Each structure stands twice: as C-alpha cells, then as structure tokens.
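Structural features, examined
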Amino acid sequence: AQSVTQLDSQVPVFEEAPVELRCNYSSSVSVYLFWYVQYPNQGLQLLLKYLSGSTLVKGINGFEAEFNKSQTSFHLRKPSVHISDTAEYFCARWFQNFVFGPGTRLSVLP
Amino acid sequence: DVKVTQSSRYLVKRTGEKVFLECVQDMDHENMFWYRQDPGLGLRLIYFSYDVKMKEKGDIPEGYSVSREKKERFSLILESASTNQTSMYLCASTPGGLGEQYFGPGTRLTVT
C-alpha cells in the first residue's frame, strides 16, 4: 500500500531559526507530492506541490521542498520561521487518490 | 475566490442518531471528498465522488454513506452515530486528479 511517513509529530523551534519538516513516501513509479498547512480551527491549504520537473519546489510563505527520488523524501524547509508559521503541516501524495501523512505540529517560540 | 463550505463548524449528537454533514463548493469541480481527521492519524479518506450520483469507497467507509445529487453538493451521512465517530470531518474538492484539493473549514462532531 502507498504510504506517507512524517517522522516528527512535533517540532518546536525559536522564531527566526531555520526549520525542516521531514516526509518520506513509499516508492512508486509515478510520484506526485504535496505539502499542506492547517492553521488552528481551519481547513487545509496548499503550500506547494511536486508533479514533475525541477526537484526544488518553492511555495507560499517562504517555504520550499526538495524531491529526492533516491531517498524517497520530500522534506519541507524554511530558512527563518515566524510566529505565524505555528500550524500543523501535512505531507501528501497522489496515487489513485490522495494519501496523507499523520502530520507534524510546528510550534514557533518567541 | 475559491470556496468550500460546510454546514456546521461544531455539532453534538447522541449515540444512535442519524447525522447529516453537508458540503458545498462553488468552483464547478467534478471531484469531491470526505475525510476524517484524528490526532496522530492525519486525514483518512471516507468516500469520494467523481461525478453526480457517483460514489466510491475510501479507506474507512464503514458506518458512513454519501449522497451527491447535485454537482456542487456532497453529503456525508452517519446512519447511526457512535462514539468512535467523534472526530473532525473535512470536505474537499478538486477539478481533476492531480489538481490542488480545496478544503472546507471542517466540522467537529462530538457523539455522546
């Protein structure tokens, strides 16, 4: 079965520090990957997506992710986080349907 | 502006009640989805629909049914609510298989 793993359930980080949220997927011929963010009491919104082409994908709010086929990873990064980035982040892949990881709760501390 | 709305933000129901959760999208999307979200489990697909009057089971359809009589509306039905169906329910729509999913704000259902 296709799966998505997010190794860290919670990531605390100080404001203006860099952050990396990890995502690994089970291998497949075709890989389409997404990162979504969920702010408190809201639905999910798309941060970025990888469908093909450049392995470095830039998204909204200064986030970027790198598709690494050999390591089956799609880690999300931001060089300097803000308090407003506090949210839950979900990695997802498309394979016949969307499959979501369990989520990583990012807490940005002042 | 793209919009997916859900009929209730919070809902409290009793065990055994029949529960209807409504989702409406205004983007003329073909595909609509119902997920439940639980801590540590992420989003799990309950049902989806690729067209009016069509429905497909997702990963956890037991205890749920759906209805799609109009393109813009996708309803999730709990025939006899149970306490283990207490959860956050999220509706989403997409114009195509690889398109971005647009999510509603969610309905937090508590079954007592």
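Structure: see above.
Residues numbered from 1 in each chain as written. Chains lettered and ligands numbered in written order. Predicted model: local features only at pLDDT ≥ 70, side-chain atom pairs only at ≥ 80, totals over all residues. Heavy atoms only, no water.

Another aspect to go through is the overall build of chain B. The helix and strand tally for chain B stands at zero helices and 11 strands. Element order for chain B, N to C, with α for helix and β for strand: β-β-β-β-β-β-β-β-β-β-β. The C-alpha atoms of chain B give a radius of gyration of 13 Å, which matches the 13 Å a tight globule of 112 residues would have. In terms of overall dimensions, chain B has C-alpha extents of about 35 × 25 × 25 Å along its principal axes. Within the span of chain B, comprising 112 residues, buried residues form 49% of the whole. Taking contacts inside chain B between residues at least 6 apart in sequence as the whole, the part at least 24 apart equals 55%. Counting every atom, chain B has about 5400 Å² of accessible surface; 50% of that belongs to carbon and sulfur. (Helix = DSSP H or I, 4+ residues; strand = E, 2+ residues; numbered from the N terminus. Rg over C-alpha atoms; globule rule 2.2 N^0.38 Å. Buried < 20%, exposed > 50% of the residue type's maximum accessible area, 1.4 Å probe, protein only. Contact = heavy atoms within 4.5 Å. Areas by Shrake-Rupley, 256 points an atom, 1.4 Å probe, with all protein chains shown as cover.)

Chain A puts 19 residues into the contact, and the matching count from chain B is 21 residues. Where chain A abuts chain B, roughly 1600 Å² becomes buried across the two surfaces, and 56% of that area is made up of carbon and sulfur atoms. On the chain A side of the contact with chain B, Asn97(A), Phe98(A) and Phe100(A) bury the most area, a combined 30% of that side's loss. Linking chain A with chain B are zero salt bridges, by the criterion used here. (Buried area = accessible area lost by both parts, 1.4 Å probe. Salt bridge = Lys/Arg side-chain N within 4 Å of Asp/Glu carboxyl O.)

Another aspect to go through is the side chain of Gln6(B). All names here are of chain B. Counting through the fold element by element, Gln6 comes out in strand E1 (residues 4-6). Within polar-contact distance, the side chain of Gln6 engages the backbone nitrogen of Gly106 at 3.0 Å. At 3.4 Å, the side chain of Gln6 forms a polar contact with the side chain of Thr107. The contacts of Gln6, once residues within four sequence positions are left out, are Glu22, Trp34, Tyr89, Leu90, Cys91, Gly104, Pro105, Gly106 and Thr107. (Polar contact = N/O pair within 3.5 Å; in protein donor to acceptor, adjacent residues only side chain to side chain.)

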